[in-house]
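# Observations on chain architecture
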Amino acid sequence: MKKIATLALCFCAVQSAIQAFPSRQVLHFSYYDDDRITTQMPRTPNFMRSRRDVGVDRGVMALYEYTILDALGTVSLHIGGNVGRWESGLEQLVTGSAFLSGRLWVFHLLFFHPYFEYSLLGPTIISKDSFANMQFKSNILFQNFFGVGMDIGESRGFSVDLKTIRYYESDNFHPQDGFRVPIIASVGVIF
């Protein structure tokens, strides 16, 4: 019994020492403008795109994330929410989303932590049921996003990332057509 307690204590100590980032929260501010991004930018990945998806022209978003699980600094699970304002032509739409996302941390240096992040099926409330020549069945959609980024710092610091975001209706958990933000740049603070 004493050996098991000693091993458990050593495991907890090693996990605490290896834990790559003690910061638990991030606040991001994001921006997208189709006029400022050239056509050479990467396209939305195929697994996040439908043939009839409409792209937005510009938009801003504020995002908050909280780390709920960190598996030895390699994989982490986050909950969060975001509020976005998107424009297509003269139309505007406001979105509010809650999400669960997972991050895969590539490696950790002293103050440099790159990652990949993916969120699937985040419930979203939209301000109206039509946007960019699309008519939705209700004001409730789903959001998913895929991003790459890096945290700079340890318990406090900065975070930068690039994301592609998709909003869509879902019929029996099968994604339908929607609208997307091809690439959005974010900068934030970790605390």
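Below you will find a few notes about this structure. This is a predicted model, so every value here is computed, not measured. (Residues numbered from 1 in each chain as written. Predicted model: local features only at pLDDT ≥ 70, side-chain atom pairs only at ≥ 80, totals over all residues. Heavy atoms only, no water.)

### Observations regarding the pattern of salt bridges
Once their charged atoms are close, side chains differing in charge can pair, the charge on each being opposite to the other. Tallying each qualifying case throughout the model produces 10 salt bridges. Linking Arg103 and Asp151 is a salt bridge whose minimum nitrogen-to-oxygen distance equals 3.7 Å. Separated by 48 residues along the polypeptide, Arg103 in strand S5 (residues 91-105) and Asp151 in strand S9 (residues 140-153) bring together distant segments of the chain. With relative accessibility at 3%, the residue Arg103 sits in the buried group. A single network of salt bridges, built from pairs that share partners, joins Asp33, Asp35, Arg36, Arg58, Arg85 and Glu87. (Salt bridge = Lys/Arg side-chain N within 4 Å of Asp/Glu carboxyl O. Helix = DSSP H or I, 4+ residues; strand = E, 2+ residues; numbered from the N terminus. Buried < 20%, exposed > 50% of the residue type's maximum accessible area, 1.4 Å probe, protein only.)

### Looking at a nonpolar patch on the surface
On the surface, Tyr64, Tyr66, Ile68, Leu69, Ile79, Leu100, Ile152, Phe158, Val160, Val187, Val189 and Phe191 cluster together into a nonpolar patch covering about 990 Å² of accessible area. Counting residues per element, the ones that place at least two in the nonpolar patch are strand S3 (58-71), strand S10 (157-171) and strand S11 (174-190). Per-element accounting of the nonpolar patch gives the leading share, four residues, to S3. For Ile79, the position within the fold is in strand S4 (residues 75-88). (Patch = residues over 30% accessible without salt bridge, like charges linked within 9 Å, V, L, I, M, F, W, Y side chains within 5 Å. Areas by Shrake-Rupley, 256 points an atom, 1.4 Å probe, with all protein chains shown as cover.)

### Regarding unusual backbone geometry
At Leu72, a residue that is not glycine, the phi angle is positive and equals roughly 55°. With respect to the secondary-structure elements, Leu72 resides in the loop between S3 and S4. A relative accessible area of 37% means that Leu72 is categorised as partly exposed.

### Topic: the pairing of S5
Across 14 bridges, the pairing between S4 and S5 is antiparallel. By the bridge assignment for S5, Trp86 is matched with Leu93. Hairpin geometry of S4 and S5 is characterised by an intervening segment of two residues between the two adjacent antiparallel strands and by a positive phi of about 65° at Gly89. Strand direction decides the pairing type here: S5 and strand S6 (residues 112-126), joined by eight bridges, are antiparallel. Paired with Thr95 across the strands is Ile126, a residue of S6. Here S5 hands over to S6 after six residues, the two strands then running antiparallel side by side. (Pairing = 2+ DSSP bridges.)

Fair warning: the whole summary comes from geometry, so function is off the table for now.
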